[in-house]
Amino acid sequence: MYRDILQNADYRKLLFANVINDFGDSIDAIAFTWLTYQLSHSASLSALVLAANLLPTVIFQPLFSPITDRLPKKPVMAVCDLIRAGMVGIFLLLYLTGSLHAWMLLAFSFAMNTVESFRIPAGAGMLPRLVGEEEYEKASSFMRSACTVADLAGTGLAGIIAAFSMGAAFGIDLLTFVLSGLLILGIRFRESIAPKVERKGYFTELKGGFRYLGKNQLFLLLVMGAVLFNSVGTILGCLMVPYISDVFRGGSMALSMFGAAQTAGMLLAFYFYPKISEKISYRAQFLAAYAALAAGYAALTVFPALGWFRYLAAGLFMFAWGGVMGVTNSFFSIQFVRIVEPDYLGRAAAVFNSAGACIDPLMSVLVAGLAALLSIQVLFAIAAAAAAVVLVILSRLKLCYALNEKEKPAIMEGEQHVGVD
């Protein structure tokens, strides 16, 4: 199914670069969290470090995207990787010499994620240019599968590596950034950039890009749909541990089973998404996400009454849940390329990521407050009802039928130059 895609040498280089990058990031995330607590023993600093990870995505990605949209993607991505390698190198040197202080963790986290906020919009426009729109589904699905495996491998090995040597963990992270940057530089794909006479000022392109995205109703539908999906889905993430312990009456093994089943379902969905997409329309994929949320939360309230069968039922449920997550993530990724003009992909990805980064902490705070007043079963029942209401509303929107149309929406044809005129 993926043989033709893997014969593309430039795609293979981008694939390996992203896989290596994700592997290093997984190790880095565990090691950085561990080191933060070792140096500070402060829950407040841990919370600030989390904020330092989120703020660049919320603030800087939309601001950087007009720049990355008009620059060649390959050098931007490679330079960002090498800059981050240099930052990790400085961080590692400070650690090995005993010069690292707790406040530096906050500074390095913010700086590295700021650089990453410049790279991500560039990366959003790279893959479609390498493989073409007709092969994008396959290329994106395979890359997501491979990156998920790398992420799981990194997470699984991170504790062992960090326990053996914290310096080795950050050394591996440094090496992954260097290798990723070199692989990106090795891509032979040549990009064309607009002549200088056609370029306008930064603020003109920033304003024009948001005007374009604001008029693209299908893009706004995707952003709204993703925010609603994440809002309802975040409830399970926030309450998973207390649910398993207090309601499901399981232990750490049950938590591991839930995670493994969900990951397996997600991996299979990523891998087989091109085949799934041939059988299920885009509109049906979009609506199925909310149907699964409604059914899933309702099922979670029933599992505790099933006795020993609850383990089998919950395992099958989490596998299916992971599959829905994989299909939904793939769906949103594919739709961006289909309905957004190439010159605006970076800005589209930045707006989407910024909206997602905003909603997660807000919902976490809301759920934490509600959990002090309501039982977990009641919260899950509310989530099921909310997902059902969203499903009914979206199913009645005529705009959702436009997701199935092969032609690009009218704005693609008539307003391609918004922001540069």
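Each chain carries its own residue numbering, running from 1 in the written order of its sequence. Per-residue local features are limited, in this predicted model, to residues with pLDDT of at least 70; the limit for side-chain atom pairs, both in listing and counting, is 80 or more; totals at the level of whole chains, interfaces and linings are taken over all residues. Only hydrogens and water are removed before side-chain values are computed, so all heavy atoms of the structure are retained for them.

**A word on the overall build of the protein chain**
Part 1: Of regular secondary structure, the protein chain possesses 15 helices and zero strands.
Part 2: Taken against the 2.2 N^0.38 rule, which gives 22 Å for 421 residues, the C-alpha radius of gyration of the protein chain at 22 Å falls within 12% of a compact globule.
Part 3: Principal axes of the C-alpha set define a box for the protein chain whose edges measure 70 × 60 × 40 Å.
Part 4: Here's how the labels work: a residue is buried when its accessible area is under 20% of the maximum for its type, exposed when over 50%, partly exposed in between, all with a 1.4 Å probe on protein chains only. Counting over 421 residues, the protein chain shows a buried share of 47%.
Part 5: Distance from the positive charge centre (30 side chains) to the negative charge centre (27 side chains) of the protein chain: 2 Å. Numbering of helices and strands starts at the N terminus; helices are DSSP runs of H or I of at least 4 residues and strands are runs of E of at least 2. Using C-alpha atoms as the atom set, the radius of gyration is obtained and then compared with a globule rule of 2.2 Å times the number of residues to the power 0.38. Asp and Glu count as negative and Lys and Arg as positive, but His and the ends of the chain are not part of the count. Working definition for charges: the position is that of NZ of Lys, CZ of Arg, CG of Asp or CD of Glu.

**Regarding the confidence of the model for the protein chain**
Part 1: pLDDT is a per-residue confidence score from the predictor, ranging from 0 to 100. Per-residue confidence for the protein chain gives a mean pLDDT of 83; residues scoring 70 or more make up 90%.
Part 2: Under a pLDDT of 50 for its full length, residues 412-421 has, in the predicted model, 23 contacts with residues more than four places off or in other chains. Residues are treated as being in contact if the distance between any of their heavy atoms lies within 4.5 Å.

**A few points about the packing of helix H4 (residues 73-96) against helix H5 (residues 102-131)**
Part 1: Orientation is described by axes fitted as lines to C-alpha atoms, over the contacting stretch for helices, and by angles from 0 to 180 degrees between their N-to-C directions. Look at H4 against H5: their axes get within 8 Å of each other, and the N-to-C directions meet at 160°. The angle between H4 and H5 places the two elements in the roughly antiparallel class. The two elements H4 and H5 meet at a crossing, and its hand is left-handed.
Part 2: Its residues assigned to classes, the contact of H4 with H5 comprises 18 nonpolar, two polar and seven charged. Here is the rule for angles: anything less than 35 degrees is roughly parallel, anything more than 145 is roughly antiparallel, 65 through 115 is roughly perpendicular, and the remaining ranges are oblique. By the definition used in this description, the sense in which the near helix is turned from the far one sets the handedness, with an anticlockwise turn below a right angle giving left-handed and a clockwise turn giving right-handed. Ten residues, namely Ala, Val, Leu, Ile, Met, Phe, Trp, Tyr, Cys and Pro, are considered nonpolar, four, namely Asp, Glu, Lys and Arg, are considered charged, and the remaining ones, Gly among them, are considered polar.

**Focus on a nonpolar patch on the surface**
Part 1: There is a patch of nonpolar side chains on the surface, built from Leu366, Leu370, Leu373, Leu374, Val378 and Ile382 and spanning about 510 Å² of accessible area.
Part 2: Broken down by secondary-structure element, the contributors of at least two residues to the nonpolar patch are helix H13 (345-371) and helix H14 (376-395). Only residues whose relative accessible area exceeds 30% and that form no salt bridge enter a patch; like-charged residues are grouped when within 9 Å of one another, and nonpolar side chains (Val, Leu, Ile, Met, Phe, Trp, Tyr) when within 5 Å. Every accessible area reported is derived by Shrake-Rupley at a probe size of 1.4 Å, with residue values counting cover from the shown protein chains alone. The rule for a salt bridge is simple: a side-chain nitrogen of Lys or Arg has to be within 4 Å of a carboxyl oxygen of Asp or Glu.

**With respect to the environment of Gly322**
Part 1: With respect to the helices, strands and loops of the structure, Gly322 is situated in helix H12 (residues 309-339).
Part 2: By relative accessible area, Gly322 is classed as buried at 0%.
Part 3: As for Gly322 and Phe258, which are separated by 64 residues in sequence, their C-alpha atoms are 9.8 Å apart.
Part 4: Apart from the residues lying within four places of it in its own chain, the contact partners of Gly322 are Gln262, Gly265 and Met266.

**Points about the pattern of salt bridges**
Part 1: The final tally for this structure, using the stated rule, is three salt bridges.
Part 2: In this structure, Asp81 engages Arg119 in a salt bridge whose closest nitrogen and oxygen atoms are separated by 2.9 Å. Separated by 38 residues along the polypeptide, Asp81 in helix H4 and Arg119 in helix H5 bring together distant segments of the chain.
Part 3: Among the residues examined, Arg119 registers a relative accessible area of 10% and is labelled buried.
Part 4: Through salt bridges that share partners, Asp81, Arg84, Glu116 and Arg119 make up one connected network.

**Describing the nonpolar core**
Part 1: The biggest cluster of nonpolar side chains holds 114 residues, and the ones touching the most others in it are Tyr243, Phe286 and Tyr297.
Part 2: With residues up to four places along the chain from it excluded, the contact list for Phe286 reads Leu221, Gly225, Phe331, Phe332, Leu394, Cys400 and Leu403. Only buried residues count toward a nonpolar core. Its members are Ala, Val, Leu, Ile, Met, Phe, Trp, Tyr and Cys residues joined through side-chain atoms within 4.5 Å.

**Some remarks on the state of the cysteines**
Part 1: Counting rule for disulfides: a pair of cysteine sulfur atoms within 2.5 Å. The final tally for this structure, using the stated rule, is zero disulfides.
Part 2: Considering cysteine sulfurs only, Cys80 is the nearest to Cys147, which forms no disulfide, with 17 Å between them.

**Considerations on the packing of aromatic side chains**
Each aromatic ring pair is summarised here by two numbers: the centre-to-centre distance and the angle between the ring planes.
Part 1: Under the pairing criterion, centres of Phe, Tyr and Trp rings, with the six-membered ring standing for Trp, must be within 6.5 Å; the plane angle then separates stacked pairs below 30 degrees from edge-to-face pairs above 60, leaving the rest tilted. Enumeration over the complete set of coordinates arrives at 24 aromatic pairs.
Part 2: For the pair Tyr2 and Phe142, a centre-to-centre distance of 5.0 Å together with 50° between the ring planes defines the contact as tilted. In this pair, Tyr2 is assigned in the segment before helix H1 (3-6) and Phe142 in helix H6 (residues 136-164), connecting sequence segments 140 residues apart. The burial state of Tyr2 is the same as that of Phe142; both residues are buried.
Part 3: For a lysine, the NZ atom is tested; for an arginine, the CZ atom; a charge sits over a ring if that atom is within 6 Å of the ring centre and within 35 degrees of the ring normal. Note that Arg283 overlies the ring of Tyr401, its terminal NZ or CZ placed 4.1 Å from the centroid.
Part 4: Stacked on the ring of Phe248, the Lys or Arg Arg310 has its end atom at 5.2 Å from the ring centre.

**Here we look at the side chain of Thr114**
Part 1: When you line up the elements, Thr114 lands in helix H5.
Part 2: Given the relative accessible area of 18%, Thr114 is considered buried.
Part 3: Those residues in contact with Thr114 that lie beyond four places of it in its chain are Pro56, Phe60 and Phe64.

**Structural notes on the packing of helix H2 (residues 9-40) against H4**
Part 1: At their nearest, the axes of H2 and H4 sit 13 Å apart, and the two run at 30° to each other. Judged by the angle between their axes, H2 and H4 are roughly parallel. Between H2 and H4 lies a crossing whose hand is left-handed. Within the contact between the two elements, H2 uses Leu14, Asn21, Phe32 and Leu35 and H4 uses Met77, Asp81, Arg84, Phe91 and Tyr95.
Part 2: In the contact of H2 with H4, the residues fall into six nonpolar, one polar and two charged.

**So, the environment of His101**
Part 1: Its location among the elements puts His101 in the loop between H4 and H5.
Part 2: Under the relative-accessibility criterion, His101 is labelled partly exposed at 44%.
Part 3: A C-alpha to C-alpha distance of 7.2 Å links His101 and Leu39, two positions 62 residues apart in sequence.

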